[in-house]
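Okay, here's what each chain looks like letter by letter:
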Amino acid sequence: MTQTWNDLLFAHWPISADLIRPLVPQVLPLDTFDGSCWIAVAPFHMSGIRARGLPPIPGHSEFPELNVRTYVVLDDKPGVFFFSLDVTKSLAVWAARTFYHLPYFRAQMSVSHENGGIEYASTRLVGNATFRASYHPIAPVQLRAKGTLEHWLTERYCLYSVANGRVYRGDIHHHPWPLQNAAAQMECFTMFSAAGIVVPKVAPLLHFSSKIEVLLWPLQRVC
């Protein structure tokens with residue numbers, strides 16, 4: 001598939017491996033940076049969604065997505081593990097759960113540009129999982145060097161999912177993230193607690209990216 005991710009916020013918190021190990025399948029080793037695991041919430045909206053070589057499906061080529069994630073590594077290939085992904089489209093929920101074994105949920109969502117920033121809201125239709133925030137960049141675009149925390153957090157080119165005891169990997173390709181340091185005000189945030197995660201009592205590390213084009217490949221079983 002091809003798609004474009006727009007107005008994305010990375011909000012990252014360090015967290016002890018002991019707190020998230022019970023929430024991630026044991027077959028997936030947790031990835032750490034200087035001894036810490038990291039969790040993140042990433043709100044954005046997608047456009048240009050289509051299977052390669054095919055036209056977009058009318059009414060399903062653009063919509064918001066909000067994901068809650070951590071980082072794992074398998075066979076020396078670092079990747080992303082998702083606790084949840086919220087979208088507005090029932091078809092996207094069905095397709096992602098069926099073909100990618102990912103925990104997608106349907107939500108009521110809105111995204112708007114206000115006063116030079118992004119106003120973002122999401123409320124899951126079933127369960128207590130809400131997110132309301134405003135965010136904006138506060139610095140110029142900077143490509144982060146290999147070895148830095150920012151590079152480690154964001155430059156990951158696959159996702160992992162587990163179904164029926166089997167591990168799957170989906171490869172992703174895009175140019176390096178054009179990151180900007182960001183500021184955010186989170187007015188309502190229960191996404192972590194909905195996943196069983198205790199929110200760390202520290203300020204998040206915030207980054208913004210205005211646009212990136214992405215290629216996604218089908219899942220492959222790896223073990």
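Presented here is a report on the structure given in the accompanying data block.

Analysis parameters
- Residues numbered from 1 in each chain as written.
- Predicted model: local features only at pLDDT ≥ 70, side-chain atom pairs only at ≥ 80, totals over all residues.
- Heavy atoms only, no water.
- Helix = DSSP H or I, 4+ residues; strand = E, 2+ residues; numbered from the N terminus.
- Buried < 20%, exposed > 50% of the residue type's maximum accessible area, 1.4 Å probe, protein only.
- Contact = heavy atoms within 4.5 Å.
- Areas by Shrake-Rupley, 256 points an atom, 1.4 Å probe, with all protein chains shown as cover.
- Lys, Arg positive; Asp, Glu negative; His and termini not counted.
- Charge placed at Lys NZ, Arg CZ, Asp CG, Glu CD.
- Pairing = 2+ DSSP bridges.

1. Quick notes on the overall build of the protein chain
Now for step 1: Counting secondary structure elements, the protein chain contains four helices and twelve strands.
Now for step 2: Counting only C-alpha atoms and orienting by the principal axes, one finds that the protein chain spans roughly 45 × 40 × 35 Å.
Now for step 3: Counting every position in the protein chain, which comprises 223 residues, the buried fraction comes to 48%.
Now for step 4: Of the contacts formed within the protein chain by residues at least 6 apart in sequence, a portion of 68% connects residues at least 24 apart.
Now for step 5: Put simply, the protein chain shows about 10,800 Å² of open surface, and 54% of that area lies on carbon and sulfur atoms.
Now for step 6: One finds the centroid of the 18 positive side-chain charges in the protein chain at a distance of 7 Å from the centroid of its 16 negative side-chain charges.

2. A look at the pairing of strand β7 (residues 130–137)
Now for step 1: Inspection of the sheet shows strand β6 (residues 117–124) paired to β7 by six bridges, in the antiparallel sense. If you follow Glu 119 over to β7, its bridge partner there is Ser 134.
Now for step 2: The antiparallel hairpin formed by β6 and β7 contains five residues in its connecting segment, where Gly 127 sits at a positive phi of about 100 degrees.
Now for step 3: Sheet topology note: the β7/strand β10 (residues 180–189) ladder contains seven bridges and is antiparallel. Paired with His 136 across the two strands is Ala 183, which belongs to β10.

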